[in-house]
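Chains, contacts and geometry: an overview
One letter stands for each residue in the lines below.
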Amino acid sequence: MEVLEAIKTRRSIRHYKTDTVDDKTVQTVLEAAHWAPSWGNTQCWRFIVVRDAKTRAEVADSLLKIKFDNELVENAATIAIKQAPVLIVLCAEMGMAGCSPDGILVTDKGDYWFMFDTALAMENLTLAAHALGLGTVIVGGFDAGKTAEILGVPEGLRVVTMTPLGFPDHRGQISPRKELSDVIFNEKYGQ
Ligand SMILES: Cc1cc2nc3c(=O)[nH]c(=O)nc-3n(C[C@H](O)[C@H](O)[C@H](O)COP(=O)(O)O)c2cc1C
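First, a word on what this report is: a plain description of the structure on this page. (Residues numbered from 1 in each chain as written. Predicted model: local features only at pLDDT ≥ 70, side-chain atom pairs only at ≥ 80, totals over all residues. Heavy atoms only, no water.)

Attention shifts here to the site of the ligand. Taken together, 14 residues lie around the ligand, and Arg10, Ser12, Arg14, Asn75 and Arg177 are the ones closest in. The separation between a nitrogen atom of the ligand and a polar main-chain atom of Gly140 is 2.9 Å. One of the side-chain N or O atoms of Ser175 is found 3.2 Å from an oxygen atom in the ligand. Compared with its free state, where it exposes 630 Å², the ligand has 62% of that area covered by protein. Class assignment of the residues belonging to the shell around the ligand gives a composition of 5 nonpolar, 5 polar and 4 charged. (Near = heavy atom within 4 Å. Polar contact = N/O pair within 3.5 Å; in protein donor to acceptor, adjacent residues only side chain to side chain. Areas by Shrake-Rupley, 256 points an atom, 1.4 Å probe, with all protein chains shown as cover. Nonpolar A, V, L, I, M, F, W, Y, C, P; charged D, E, K, R; others polar.)

The next thing to look at is the environment of Ala60. With respect to the helices, strands and loops of the structure, Ala60 is situated in helix α3 (residues 53-60). Separated by 20 residues in sequence, Ala60 and Ala80 have C-alpha atoms that sit 8.5 Å apart. Those residues in contact with Ala60, other than ones at most four positions away along the chain, are Thr78, Ile81 and Lys82. (Helix = DSSP H or I, 4+ residues; strand = E, 2+ residues; numbered from the N terminus. Contact = heavy atoms within 4.5 Å.)

Turning our attention to the layout of surface pockets. Computed from the structure, the largest pocket encloses a volume of approximately 400 Å³. Around the largest pocket sit 14 residues that line it, and Arg10, Arg11, Gln173, Ser175 and Arg177 are the ones nearest its centre. Residues of the lining of the largest pocket, tallied by class, amount to 2 nonpolar, 6 polar and 6 charged. In this structure, the second largest pocket encloses a volume near 200 Å³. Lining the second largest pocket are 15 residues, with Thr9, Arg11, Ile13, His130 and Arg171 positioned closest to its centre. (1 Å grid on protein atoms, 1.4 Å probe; cavity = no way out; pocket = protein on both sides within 12 Å on 5 of 7 lines; lining within 4 Å. Points joined across faces, edges and corners; volume = space filled by probe spheres on them.)

Here's what the structure looks like:
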């Protein structure tokens, strides 16, 4: 699939078939993530591939419920993590992104660059998965502490995000975007 087509046709997928995804395919998707650019090529991303259904269910239960119309609503990705055969959890090793080679933070954004680098990897991952006919949905609404405990993530790393990976059971709805003219300015902000 051509890159622009993949970018425009990818959708968040929240319902999956239970069909397995073979190791080679998972490897291909992770390799695409690993080719993302990163701060000083420090590659702070670490991926945990979870296939075990019980562990996936435990992680799914760490997703946060969101208050909506005075009711607590389950995160829409909860069922997706239980259904899809693979869950990829993306962690960041701290002390890399945002730092000079001798470990000093060099910008006003401190160490938040780990979010940027892992996001780039995740975007590559979602596009590669889509190009291979697989679905993903990036998940941010979860208890990172609980997930770290379930997966044995050591200190010095942060659990940033996760996505189920599997064959879509629906097409995924189109979430419309703002008008381009609302977000692009010329020469100066606001113009
Ligand atoms: C940082 C981030 C966090 C997200 N967290 C969640 C989440 O917790 N649950 C969920 O169902 N979708 C989550 N999403 C998916 C967004 O809702 C989705 O990308 C957006 O609505 C646009 O739809 P599209 O991905 O189909 O284009 C997240 C996306 C991003 C980028």
